[in-house]
Amino acid sequence: MTSHKTLDEYVTDVRRLQAALRPAGIPDEPQYPAGRITVPAHVSHWAAERPDQLALAMGDTRFTYPELDEAHRRVATWMSQHGVGRGDRVAIYLGNSTEFVIAFLAILRLGAVHVPVNPMFQPAELAYELLDSEPVLVVTNSALAPVLEACADRVPELPVLLVDGTGEFGWDGATSAEPYAGDDGDLDSLAALNYTGGTTGMPKGCQHTQGHMLYTVASAATATRMPSDGSYVSLCYLPIFWIAGEDLGILIPFVLGGTSFLMPRWNAAEVVDTIERERVTLMTGTVENYLELMETQDLASRDLSSLQDPQAVSFIRKMTPEVRRRWAELVPGSVLRESSYGMTETHTIDCVPYGFAENDFDLLSEPVFCGVPVPGTDIAIVELGTQNPVSLGEVGEIIVRSPSVTDGYWRNEQATREQLVDGWIHTGDNGRIDEQGFLHYLGRRKEMIKVNGMSVFPADVEMLLAQHPAVDSVAVVPTDDPSTGQRPVAFVVPRADSSVTSEELVTWARANMAPYKVPLVKVLGSLPLTATGKVRKNELADDAAALAESAR
């Protein structure tokens with residue numbers, strides 16, 4: 001039912017409800033512990049204030065704040081000497097590493113633009129993002145360099161900084177330069193292109209500023225009582241090319257003057273050792289991660305009391321009162337909760353269920369309980385594709401307005417016009433705000449597939465498969481999978497002169513796509529179409545399920 005209120009009237013009423021719901025002592029506006037300064041300036045600030053504080057660690061490699069400040073300034077000088085300036089894009093094609101973090105800070109100090117690239121990308125995917133973002137430099141390592149070289153026929157030659165290389169274009173050369181003296185970045189200029197998929201076309205670059213990054217940390221820290229006294233310690237094995245990993249592993253610890261421990265990937269035994277040894281206060285993982293910890297590690301004999309706010313993300317397995325109870329029995333005093341609601345376009349942390357775990361209120365409320373927006377963020381429920389709010393309790397499209405909403409999509413005015421309206425981002429997600437003021441997420445309207453928690457967009461896989469010379473048309477649909485949650489299934493119509501097989505297309509996909517995107521493939525003579533020429537994807541669902549069943 002459409003509300004009779006204007007959007008402004010609706011927001012005023014919802015804000016009042018939500019302010020009363022926030023846990024006691026949490027203000028309605030975000031707090032900035034070191035002021036509104038750039039991210040690199042935060043590193044310099046804490047270097048002066050806390051010279052002995054550990055800032056960043058991975059394995060045996062450790063940086064105090066003064067060491068991190070000097071290291072990224074040296075790399076900034078090297079980048080500047082090699083042509084990187086304000087507004088220039090720099091692609092970081094790396095997995096989790098201290099070099100990734102140092103390069104990120106150097107880029108922002110120069111006022112350049114950080115372009116994180118998925119290290120699982122294969123040539124077709126990598127070529128697309130490089131052509132779209134047009135970086136002036138790629139930061140990578142020797143293990144990934146061959147994939148970059150395989151793009152040579154599609155991408156103009158680019159200078160490459162090898163983080164495990166030597167000489168002028170090696171890391172030793174970059175870190176030997178004199179420290180960069182200035183800070184050319186600011187809070188309002190473009191600072192990052194975070195690519196996200198979509199229902200039409202290839203991935204789009206969400207434009208974010210350092211102001212967006214700073215607000216994300218300040219609002220999330222305020223909403224969940226993260227400390228800024230140096231005691232904050234995060235453990236991040238999420239990929240930091242993800243915007244959620246960027247928040248957890250880089251932005252939050254450095255803005256708060258805390259410590260970031262990075263891991264290259266999930267490892268249950270190493271996670272427990274690190275939490276106990278380093279007194280980790282915050283970790284975010286999937287429900288499966290926590291179940292593995294409980295089932296394979298002797299948690300009851302370990303001291304994990306420092307873990308103040310463990311957060312879970314429900315991709316395949318869901319957070320339940322039973323999972324929380326088991327965790328509390330093994331780690332007394334630690335309350336496991338869902339993480340947050342958000343998206344790449346908003347820098348991910350828009351609404352949190354923090355403070356509502358008593359008697360499992362959050363988990364027993366109608367799924368999925370998201371809590372209340374972080375201070376400074378507005379969330380509304382509207383009729384799909386409009387700015388018309390629906391009544392409290394009614395289902396509609398979730399829209400979000402905050403100081404961290406993207407300025408738009410890189411070189412994609414149509415998508416910007418469609419999704420960004422009067423400062424509100426239209427998420428394409430179903431949701432409702434109940435009569436109390438709590439947000440509930442009810443699923444995506446977008447055609448998105450979740451494979452082990454990784455987002456796979458059908459249009460992305462379709463356009464990648466369309467690069468194969470034998471493919472005439474293709475439609476991708478999801479199907480359920482007991483081990484991965486979902487998986488993509490591609491129905492391909494080959495060109496008239498081709499006899500390409502499903503097996504050949506799968507082999508090609510494995511060579512050109514990240515592993516989690518590789519679909520099951522079925523070759524058809526034609527696709528079922530509507531009168532207007534659109535694919536009837538619902539008619540392919542049964543065939544997709546049957547194909548997945550036969551493949552098990």
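A brief look at the structure comes next. (Residues numbered from 1 in each chain as written. Predicted model: local features only at pLDDT ≥ 70, side-chain atom pairs only at ≥ 80, totals over all residues. Heavy atoms only, no water.)

### Digging into the pattern of salt bridges
It is possible for side chains bearing opposite charge to pair when their charged atoms get close.
Part 1 of the argument: Under the counting rule described, the total for this entry stands at 27 salt bridges.
Part 2 of the argument: The residue Arg16 makes a salt bridge to Asp13 at a minimum N-O spacing of 3.1 Å. Residue Arg16 and its partner Asp13 are both found in helix α1 (residues 7–21); the two are separated by three residues, about one turn of the helix.
Part 3 of the argument: Residue classification places Arg16 among the exposed positions, given a relative accessible area of 55%.
Part 4 of the argument: Residue Glu278 pairs with Arg62 through a salt bridge whose shortest N-O separation is 2.5 Å. Here the residue Glu278 occupies a position in helix α10 (residues 268–278), and Arg62 occupies one in strand β2 (residues 61–64), the gap between them amounting to 216 residues. (Salt bridge = Lys/Arg side-chain N within 4 Å of Asp/Glu carboxyl O. Helix = DSSP H or I, 4+ residues; strand = E, 2+ residues; numbered from the N terminus. Buried < 20%, exposed > 50% of the residue type's maximum accessible area, 1.4 Å probe, protein only.)

### Considerations on the environment of Ala496
Part 1 of the argument: Looking at the secondary structure, you find Ala496 in the loop between β24 (485–494) and α16 (502–512).
Part 2 of the argument: Along the sequence, Ala496 and Asp472 sit 24 residues apart, while their C-alpha atoms lie 8.2 Å from each other.

### A look at the packing of aromatic side chains
Part 1 of the argument: Summed over the entire model, instances satisfying the criterion amount to 11 aromatic pairs.
Part 2 of the argument: Between Tyr341 and Tyr441, the aromatic rings sit 5.8 Å apart at their centres with planes inclined by 40 degrees, giving tilted as the arrangement. A residue pair is termed long-range when its members are at least 10 positions apart, and Tyr341 in the loop between β13 (337–338) and β14 (351–352) and Tyr441 in strand β20 (residues 439–444) qualify at 100 residues.
Part 3 of the argument: Given a relative accessible area of 7%, Tyr341 falls into the buried group.
Part 4 of the argument: Aromatic side chains Phe356 and Phe438 sit 5.0 Å apart centroid to centroid with 80 degrees between the ring planes, which places their arrangement in the edge-to-face category. Of this pair, Phe356 sits in the loop between β14 and α13 (361–364) while Phe438 sits in the loop between β19 (424–433) and β20, placing them 82 residues apart in sequence.
Part 5 of the argument: Given the relative accessible area of 10%, Phe356 is considered buried.
Part 6 of the argument: Above the face of the Tyr32 ring, Arg36 is positioned so that its terminal group lies 5.5 Å from the ring centre.
Part 7 of the argument: A cation sits over an aromatic face here: Lys204 above Tyr409, 4.9 Å from the ring centre. (Phe/Tyr/Trp six-rings, centres within 6.5 Å; stacked < 30°, edge-to-face > 60°. Lys NZ or Arg CZ within 6 Å of the ring centre and 35° of its normal.)

### So, the pairing of strand β16 (residues 378–382)
Part 1 of the argument: Burial analysis of β16 places five of its five residues in the buried class, which makes it a mostly covered element.
Part 2 of the argument: Of the two faces of β16, the one carrying Asp378, Ala380 and Val382 and the one carrying Ile379 and Ile381 are both buried.
Part 3 of the argument: Of the pairings in the sheet, the one linking β16 to strand β17 (residues 396–401) comprises five bridges and is antiparallel in character. Paired with Ile381 across the bridge in β17 is Ile398. (Pairing = 2+ DSSP bridges.)

### Some points on the nonpolar core
Part 1 of the argument: One finds Leu68, Met79, Phe104, Val139 and Phe254 to be the most contacted residues of the largest nonpolar core, which totals 69 residues.
Part 2 of the argument: Element by element, the count of residues in this core is highest for helix α4 (residues 98–109), at nine residues.
Part 3 of the argument: Not counting chain neighbours up to four residues away, the residues in contact with Met79 comprise Val84, Val90, Ala103, Ala106, Ile107, Leu110, Leu137 and Val139.
Part 4 of the argument: The next biggest cluster of nonpolar side chains, apart from the first, holds 28 residues, and it includes Tyr237, Phe261, Ala312 and Leu336. (Core = buried A, V, L, I, M, F, W, Y, C linked by side-chain atoms within 4.5 Å. Contact = heavy atoms within 4.5 Å.)

### Quick look at the pairing of strand β11 (residues 282–286)
Part 1 of the argument: Counted residue by residue, β11 has five buried out of five residues, so it is predominantly covered.
Part 2 of the argument: Where strand β9 (residues 233–236) lies against β11, two bridges are found, and the strand directions are parallel. Looking at β11, one finds that Leu235 is bridged to Met283.
Part 3 of the argument: Where β11 and strand β12 (residues 311–313) come together, three bridges link them in parallel fashion. Residue Gly285 lies in a different strand from β12, and its bridge partner there is Ala312.
Part 4 of the argument: Running through helix α11 (residues 287–296), the crossover from β11 to the neighbouring parallel element β12 is right-handed. (Right-handed = clockwise from strand over helix to strand, strands pointing away.)

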